[in-house]
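Understanding the architecture of this molecule
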Amino acid sequence: MTITANSQLPNVLSQNLESITSKTDGSLPTLGAELVYTQDKAGRYLTFHWQHSELLGLNTEKIVDELNQTQSFVPVDKVNYLERLHRILTSLVPERFQCWFSYHQELFELDLVISPVMTSLGTTATTVLVMGRLVQATLNKKQARVASKTPTQIELAVRSQQHQKLVTRITRNIRRTLDLNIIWQQTVDSLGKALRLERCIICTYQPCSSKVEVKAEYRQLELKSMLGLEIDITSEPAFAQALTTLEPVVMEVPGCKESGRQKTLVVATCYQDQANGLIALNWQDECYTLTESELELAKEAADQLGTAIAHATLYEELEVARQKAEEASRLKSEFLANVSHEIRTPLNGMIGFLKLILEGMADDPEEQNQFLEEAHGLSIHLLNIINDILDIAKIEAGKMELAYAPVKLDELFNDVESFMRPQAEMRNLSFRMQMPATSDEIIVQSNYQRLLQVMLNLVGNAIKFTHEGGVTVSADLVLKKANFQDQQFPGMVRVRVADTGIGVSLDKQDKLFQLFSQVDGSRTRQYGGTGLGLAISQKLVEAMGGEVHFYSLGEGLGSTVTFTVPLYQQPVMVLSSDGDSTSSAE
């Protein structure tokens, strides 16, 4: 049976730690190592100091003579050890290695550094200086069966030292990176390897969730992986208790007949007294019982990890926010460049036509009137651009105020048609407008001017981005009760603007309703526009109690934009020949 340095040491080490001799054989303790001794080329001890000397039952005053006479503390593979010692004395090059030493019925694995001690001439060496530390100790099977599970003082000292180093190493690794995946994996690997665990997992926790997800795992090869598994907190009492109390929880779990019982330590990671994760460690019950100081160390490590999780999460959020801010800044710069061009173009045209008139370049009154009409049309276009900019400014400042009143849908459609049909016909496009079949008027609750603005914008976009085919504007009723401004309406009117134009690729459609954003900058140069139309339309429709949606199967496959507004009163529907009305109840 093997017991690691952080578990039970042999019974022979059961004396009080306070009796360790602080000085042995001159100045050796001042070197600061746990184990320090010197030997000649035959392996005879010349000096010897070990923190555990008295606990081994050795007389500190006559320790060198006793070791040489009894040969009780010697390398298990003495031949190989002496060969290495001779090689070091010959090459004069220090070596580091791990070596097993025997003492009566016990074995100790030591991590040693052997260095040659040079003679006064500085060219040869006949003595070596050995410095090292205890890695682990073993008991024979008979001793293992009777070994007490109560840790001795020396055990506690060694374990405490190693656990503190482990926490320090974990903390150091955490501070080297803000990548949570690296932090999690390094932590479970450090804990699993150092403590020789069966399994160690780290789970993330959100207070609003009843489950935790395994984000990192250390396990023995024969165990099935739990990585990515979601664990229901209600089915794991230790998890629930650790998250509630923020204190370490130790519980026994049944194992197979060969392995016997196992123990699990669950510690919640937290930041500012708020749990954000869990660490669960699993080991065989034959190992030592955790002490209060070790539980405190576990909590300290969990607190360090919890702080790292919080900082890394905050860093990720700040990074996302920074990227969004940079993207917004870029879009605004691009928007300003586009808007300055859009403003400059009609303004230059107006100035040019007016200058021709003032300089008497018009040949006759008819041509002068033509120049004035062109300047007037450009001024209207410029006014629309400025209105868009002002609308966005109001929307961003939260100062967009709308007055609502009943609006007749047929009057709205007639105005849209009178504005937009000439534009469509100039581009040789078909233009159709369809109303639901009702025996009375369809009235919506909205703001007429803003609703007209939305429709003109959507239809104008459809015409602008369509080269052949046509544009269809239609409406239908959704007879499902809706609430807006503390008032209930009998349904919604859904307006569709469909075209056979250039369409939008699926991966770019999310940019359509972003402020200052256009799907493709090259389209701005080709088609013109500020890129504010859809964003303004969406904000206006939402302010009027509706929703806007965009559909396109891809580039070259046309587009459809729909929006809804509350239905003021339910009209009487006209039944078709098959007995169905033109409304829907979705």
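Fair warning: this is a prediction, and the values are worked out from it, not measured in the lab.

1. Focus on a nonpolar patch on the surface
- A cluster of nonpolar side chains, contributed by Val 76, Trp 100 and Leu 107, occupies part of the molecular surface with about 240 Å² of accessible area.
- By the secondary structure assignment, Trp 100 is in strand S5 (residues 95-103).
- Given a relative accessible area of 31%, Trp 100 falls into the partly exposed group.

2. Observations regarding the packing of aromatic side chains
- Considering all chains together, one arrives at 12 aromatic pairs under this definition.
- Ring centres 5.5 Å apart and planes at 85° place the aromatic pair Tyr 404 and Phe 484 in the edge-to-face group. Residue Tyr 404 is located in the loop between helix H8 (365-397) and strand S14 (405-408), and its partner Phe 484 is located in strand S18 (residues 482-484); the two are separated by 80 residues in the primary sequence.
- Here Phe 484 falls in the buried class, since its relative accessible area comes to 14%.
- Three or more aromatic residues link up through ring pairs in this structure, and these residues are Tyr 37, Tyr 45, Phe 48, Trp 50, Phe 73, Tyr 81, Phe 97, Phe 101 and Phe 108.
- Cation over ring: Arg 84 sits above Phe 97, and NZ or CZ is 3.9 Å from the ring centre.

3. Details of H8
- With 33 residues, H8 extends 47 Å from end C-alpha to end C-alpha; this agrees with the ideal 48 Å at 1.5 Å per step.
- Taken residue by residue, H8 has Phe 371, Ala 375, Leu 382, Ile 385, Asp 388, Asp 391, Ile 392 and Ile 395 as its buried positions.
- Of the residues flanking the start of H8, the one acting as N-cap is Asp 364, its side-chain oxygen 3.1 Å from the backbone nitrogen of Glu 366.
- Gly 398 sits one or two positions beyond H8 and adopts a positive phi of about 70°.

Reading the values: the criteria
Residues numbered from 1 in each chain as written. Predicted model: local features only at pLDDT ≥ 70, side-chain atom pairs only at ≥ 80, totals over all residues. Heavy atoms only, no water. Patch = residues over 30% accessible without salt bridge, like charges linked within 9 Å, V, L, I, M, F, W, Y side chains within 5 Å. Areas by Shrake-Rupley, 256 points an atom, 1.4 Å probe, with all protein chains shown as cover. Salt bridge = Lys/Arg side-chain N within 4 Å of Asp/Glu carboxyl O. Helix = DSSP H or I, 4+ residues; strand = E, 2+ residues; numbered from the N terminus. Buried < 20%, exposed > 50% of the residue type's maximum accessible area, 1.4 Å probe, protein only. Phe/Tyr/Trp six-rings, centres within 6.5 Å; stacked < 30°, edge-to-face > 60°. Lys NZ or Arg CZ within 6 Å of the ring centre and 35° of its normal. Expected span 1.5 Å × (residues − 1). Polar contact = N/O pair within 3.5 Å; in protein donor to acceptor, adjacent residues only side chain to side chain.

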